[in-house]
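Remarks on the overall topology
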Amino acid sequence: MLETGDLIFVRDESDMGQAIQTSTGNYSHVAIYLDGMIYHASGQAGVVCQEPADFFESDHLYDLYVYPEMDIQSVKEKACKHLGAPYNASFYPDGASFYCSQYIAEILPIFETIPMKFGDGKQDISDFWREYYRELGLPVPLNQAGTNPSQLAASPLLECKERNLHDSDF
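In this text, all values refer to a predicted model and were calculated from it rather than measured experimentally.

**What about the overall build of the protein chain?**
Secondary structure summary: the protein chain contains six helices and eight strands in total. Its helices and strands in sequence order give the protein chain the pattern β-α-β-β-β-α-β-α-α-β-α-β-α-β, from N to C terminus. Scaling as 2.2 N^0.38, a compact globule of 170 residues should have a C-alpha radius of gyration of about 15 Å, and the protein chain matches this with 15 Å. Taken over the C-alpha atoms alone, the protein chain extends approximately 40 × 30 × 30 Å along its principal axes. Considering only contacts within the protein chain whose residues lie at least 6 apart along the sequence, 71% involve residues at least 24 apart. Working note: accessible area of the protein chain is about 8,400 Å², and carbon and sulfur atoms make up 48% of it. Where the 10 positive side-chain charges of the protein chain centre and where its 26 negative ones centre are 6 Å apart.

If you want it as structure tokens, here you go:
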């Protein structure tokens, strides 16, 4: 089912996942499948390459997208170049660390940056994000240029391959 070049978009019920989805759309995480491994920027470990069995979790839903014009070799070279980079927990652009959609946009440079959103429908910055950035000691990067998984999935350059998959589907 998974094929090299598949982009894996994740919906999850964690507090962080819900905050991202509430602010930006359907997805809280994105990864790419290349030659039997999953490459992504993980909040726990930074930029990693994992076995699918270690990536998929039972309480998440997954949608697969493809970019038909992908140069797999070029994307894999870029993906490998950033392995070991730290996770970008601030979501500010810094060039040395990556959050998930920032990593995918770096290795597959077809996506635009957009103004970052942190609202919840009632306020421009939700209570979750206010607390998150208070703990980081940083201002919320509201409207700074960035990316998010839902925005990447909405790209007209991508095609949806499969929706609403569970860990048992892989």
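**Observations regarding the side chain of Thr-147**
Among the structural elements, Thr-147 can be located in the loop between strand E7 (145–146) and helix H6 (149–153). At 2.8 Å, the side chain of Thr-147 and the side chain of Ser-101 are in polar contact. Engagement of the side chain of Thr-147 in a polar contact is seen with the backbone nitrogen of Gln-102, the distance being 3.4 Å. Ignoring anything within four residues of it in the chain, the contact list for Thr-147 reads Tyr-99, Ser-101, Gln-102, Ala-105, Glu-112, Thr-113, Met-116 and Leu-152.

Cut-offs used in this document
- Residues numbered from 1 in each chain as written.
- Predicted model: local features only at pLDDT ≥ 70, side-chain atom pairs only at ≥ 80, totals over all residues.
- Heavy atoms only, no water.
- Helix = DSSP H or I, 4+ residues; strand = E, 2+ residues; numbered from the N terminus.
- Rg over C-alpha atoms; globule rule 2.2 N^0.38 Å.
- Contact = heavy atoms within 4.5 Å.
- Areas by Shrake-Rupley, 256 points an atom, 1.4 Å probe, with all protein chains shown as cover.
- Lys, Arg positive; Asp, Glu negative; His and termini not counted.
- Charge placed at Lys NZ, Arg CZ, Asp CG, Glu CD.
- Polar contact = N/O pair within 3.5 Å; in protein donor to acceptor, adjacent residues only side chain to side chain.

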